[in-house]
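# Chain and residue survey
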Amino acid sequence: MLKVEHIGIAVKSIEASNELFTKLFAREPYKTEEVESEGVTTSFFQMGETKIELLEATKEDSAIAKFIAKRGEGIHHIAYEVEDIEKEMERLSNEGFTLLNQTPKKGADNKLVCFLHPKTTNGVLIELCQEIKE
Ligand code: ZN
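Okay, so let's go over this structure. (Residues numbered from 1 in each chain as written. Predicted model: local features only at pLDDT ≥ 70, side-chain atom pairs only at ≥ 80, totals over all residues. Heavy atoms only, no water.)

### A look at the packing of aromatic side chains
Considering all chains together, one arrives at four aromatic pairs under this definition. On the numbers, 5.5 Å between centres and 55 degrees between planes, the contact of F21 with F25 is tilted. Note that F21 and F25 are positioned in helix α1 (residues 14-25) at a spacing of four residues, about one turn of the helix. By relative accessible area, which is 16% here, F25 ends up buried. Since its relative accessible area comes to 12%, F21 is described here as buried. Through pairs of rings, three or more aromatic residues link up here, namely F21, F25 and F45. (Phe/Tyr/Trp six-rings, centres within 6.5 Å; stacked < 30°, edge-to-face > 60°. Helix = DSSP H or I, 4+ residues; strand = E, 2+ residues; numbered from the N terminus. Buried < 20%, exposed > 50% of the residue type's maximum accessible area, 1.4 Å probe, protein only.)

Okay, here's the thing in structure tokens:
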């Protein structure tokens, strides 16, 4: 793994939280993007080499809606950048980690992503992400 690419924070309202985090960081989000397949709207703040991702549910049955219903707003996942996501998925699977998706899927911000089940990572939802190069 190369670095912490971003930290994902589950929020009830991306509009209200964009305002709040703009005040907190004294900068605007550089993008807001809906990821239809995940049932979320996301926004990203650049913080040096790392980013903060805010996530708001757009569907009641999305993972973010369930997370907020159960635990309230807060840190949802930590994302690590990897060079070769398929290779890393195979390595981690062989090490006994549970992958939540068996093939990389398209995430926000031009990334291929895979999540690791928090039961195998001390309760922390881990996202692997690899930049899509064309
Ligand atoms: Zn993320």
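### Thoughts on the layout of surface pockets
By volume, the largest pocket amounts to about 710 Å³. What lines the largest pocket is a set of 30 residues, among which A63, I64, H76, F115 and L125 lie closest to the centre. For the lining of the largest pocket, the secondary structure elements donating two or more residues are β3 (40-47), β4 (50-57), α2 (63-71), β5 (74-81), β6 (105-107) and β7 (111-116). If one sorts the elements of the lining of the largest pocket by residue count, α2 sits on top with six residues. Residue composition of the lining of the largest pocket, by class: 15 nonpolar, eight polar and seven charged. (1 Å grid on protein atoms, 1.4 Å probe; cavity = no way out; pocket = protein on both sides within 12 Å on 5 of 7 lines; lining within 4 Å. Points joined across faces, edges and corners; volume = space filled by probe spheres on them. Nonpolar A, V, L, I, M, F, W, Y, C, P; charged D, E, K, R; others polar.)

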